[in-house]
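# Close look at the chain arrangement
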Amino acid sequence: SQLFIKDLHFDGVPIRIYLPRKASASKRRGVIFIHGGCGIFGSIRSYERICRYIARKSDSVVVSVGYHLAPEHKYPAQTLECLTATVHFLKTAETYGVDPARIIVCGDSVGGTFTTSVCQILGHRTDIPKIRAQVLIYPFLQALNFNLPSHQKNAAVGFLSRERTVHFILKYLNKDCSLKEPILAGSHVPENINLKYRKWINPDLIPDVFKLGYKPPLPALFSPQVHEEVQELFEPWFSPLLAEDADICGLPDTCIVTCEHDVLRDDGLLYKKRLEDNNIRVTWHHVEKGFH
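Residues numbered from 1 in each chain as written. Predicted model: local features only at pLDDT ≥ 70, side-chain atom pairs only at ≥ 80, totals over all residues. Heavy atoms only, no water.

### So, the UniProt feature "domain: Alpha/beta hydrolase fold-3" (unreviewed entry) in the chain
Stated precisely, the cut-off is as follows: UniProt positions are given in the numbering used here, feature names are shortened, and annotations may be inferred rather than shown by experiment. By definition, any uninterrupted DSSP run of H or I lasting at least four residues is a helix, any uninterrupted run of E lasting at least two residues is a strand, and each is numbered from the N terminus.
In this numbering, the UniProt entry assigns the feature "domain: Alpha/beta hydrolase fold-3" (unreviewed entry) to residues 31-183 and 232-292. Between the C-alpha atoms that bound residues 31-183 the distance is 35 Å, and the span itself is 39% helix and 16% strand. The span residues 232-292 is 28% helix and 31% strand, and its two end C-alpha atoms sit 24 Å from each other.

This is the structure:
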């Protein structure tokens, strides 16, 4: 009763828009919401209650993006659709009573991945309004190291185990699931890439309080065949933690939410450090009893 809800298409991308019915004296804030689900599950409908809640509680116009799912729609179609919908809303915000200077992009899990990519891609664009902030809720941000402290600690926890994470990645990319074990071990990463990204993906960068019981894994034997099969894992669109500093510098204010009982916890912690090292303002919320 408090919201006007409508299904539309933004340049061909399905979206659902939630507009508060009550008149506003000034232009409202806008929220672009990108749902999670590993790129293979989830929908506008499954995030209906969350989007209604955000719209009501923050008195904002919410745009929920219904990107098409993999593997039927091949990677990176999902990132491209989220990008298309975001650009469209930034350009047409005033049509919906939204201040284009007060639009945030928000996503959970792989929605956080897509949010991160969209913000990295648009960071230096001058032909459209700047995104005001990004909200990353337990985002997936890298596919190089699945032996970080949070992967070890939460290897068998709840909905998203360590093994399931890699299984879903392979399903998303439409790859053979026999690649799971070598990727979990790290056999897909050549030494030169390990060395290059050690400054950003490294258990030494995780605060000690999160490393209780952590055991550094034995070095994996590199497999050129596996590496060749999963080239996508090394692209910043898939692993946004691998983006160059030039792309990180253009990012908006950021809120990162991590959960203690989550294999992806350390992705969020590592990205938090990267952003802070590049003088991006970060607000961090850690849910100590939270699960993915």
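Moving on from the coordinates now.
### Some thoughts on the environment of F159
Under the convention used in this document: Three labels apply to residues, based on accessible area from a 1.4 Å probe with only protein chains included: buried if under 20% of the type maximum, exposed if over 50%, partly exposed otherwise in between. Between two residues, a contact is recorded if the distance between any of their heavy atoms is within 4.5 Å.
When you line up the elements, F159 lands in the loop between α4 (149-153) and α5 (162-172). Take F159: its relative accessible area is 44%, and that puts it in the partly exposed class. Note: C-alpha distance between F159 and V63 (96 residues apart in sequence) is 27 Å. Setting aside chain neighbours within four positions, we find F159 in contact with R164, F168 and H292.

### Some words on the side chain of N202
Heads up, the rule is: N or O atoms closer than or at 3.5 Å make up a polar contact, with two conditions inside protein: a donor-capable atom paired with an acceptor-capable one, and, for residues adjacent in sequence, both atoms drawn from side chains.
Within the secondary structure, N202 sits in the loop between α7 (191-197) and α8 (224-229). Of the residues examined, N202 reaches a relative accessible area of 13% and is grouped as buried. Within the local environment of N202, its side chain forms a polar contact with the backbone nitrogen of D204, the two atoms lying 2.9 Å apart. Ignoring any residue separated from it by four or fewer positions in sequence, one finds N202 in contact with L148 and L270.

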